[in-house]
Amino acid sequence: MSRRCDLTGKGVLSGHTVSHSNHKTKRRFLPNLCNVTLESETLKRTIRLRVSANALKSVDHRGGLDAFLKKARDEELSPRALEFKRLIAKAATAEAETAAA
């Protein structure tokens, strides 16, 4: 399992731990990943994702998973999240067509 956020694409960064004597040793900065279950209003089901805490704040700020995926770029989403984005777009257009008829 990779250490990468499914929604924002945030991953592991590398850098140095710098001591008081300015001695540098390599270290890794890991993202704060959480296993969460998010609800999609359009699909009327829940989706399990591995998401960073920062992405959870973004999802909440944008008004839910559907709004977040609608606004997100395809390059930064994981293949699984991209599939959910396509399903949500497809269900939204079908819902709009039935409302218009």
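Analysis parameters
Residues numbered from 1 in each chain as written. Predicted model: local features only at pLDDT ≥ 70, side-chain atom pairs only at ≥ 80, totals over all residues. Heavy atoms only, no water. UniProt positions renumbered as here; feature names shortened; annotations may be inferred. Helix = DSSP H or I, 4+ residues; strand = E, 2+ residues; numbered from the N terminus. Buried < 20%, exposed > 50% of the residue type's maximum accessible area, 1.4 Å probe, protein only. Contact = heavy atoms within 4.5 Å. Areas by Shrake-Rupley, 256 points an atom, 1.4 Å probe, with all protein chains shown as cover. Lys, Arg positive; Asp, Glu negative; His and termini not counted. Charge placed at Lys NZ, Arg CZ, Asp CG, Glu CD. Pairing = 2+ DSSP bridges.

The chain appears in an unreviewed UniProt entry as Large ribosomal subunit protein bL28 from Xanthobacter autotrophicus. For the chain, the Sequence similarities (unreviewed entry) comment in UniProt is given as "Belongs to the bacterial ribosomal protein bL28 family."

(A) Focus on the overall build of the chain. Along its length, the chain carries three helices and four strands. Mapped from its N terminus to its C terminus, the chain presents α and β elements in the order β-β-β-β-α-α-α. In terms of overall dimensions, the chain has C-alpha extents of about 75 × 20 × 20 Å along its principal axes. Buried residues in the chain amount to 29% of all 101 residues. Of all intrachain contacts in the chain linking residues separated by at least 6 positions in sequence, the fraction that spans at least 24 positions is 42%. Counting every atom, the chain has about 7,200 Å² of accessible surface; 51% of that belongs to carbon and sulfur. Positive and negative charge centroids in the chain, built from 20 and 11 side chains respectively, lie 12 Å apart.

(B) Molecular detail of unusual backbone geometry. Positive phi, normally seen in glycine, also occurs at N22, with a value near 65°. Mapping N22 onto the fold places it in the loop between β1 (13–18) and β2 (24–29). In this structure, K44 is a non-glycine residue whose phi angle is positive, near 55°. Checked against the element boundaries, K44 lands in the loop between β3 (33–40) and β4 (45–52). Of the residues examined, K44 reaches a relative accessible area of 65% and is grouped as exposed.

(C) The environment of T25, seen in detail. Here T25 is to be found in strand β2. Separated by 22 residues in sequence, T25 and I47 place their C-alpha atoms 40 Å apart. Here T25 is in contact with G15, H16 and T17, once residues within four sequence places are set aside.

(D) Representation of the pairing of β1. Summarising the sheet, β1 and β2 pair through six bridges and their orientation is antiparallel. Paired with T17 across the bridge in β2 is T25. Count of turn residues in the β1/β2 antiparallel hairpin: five residues, of which N22 carries a positive phi of about 65°.

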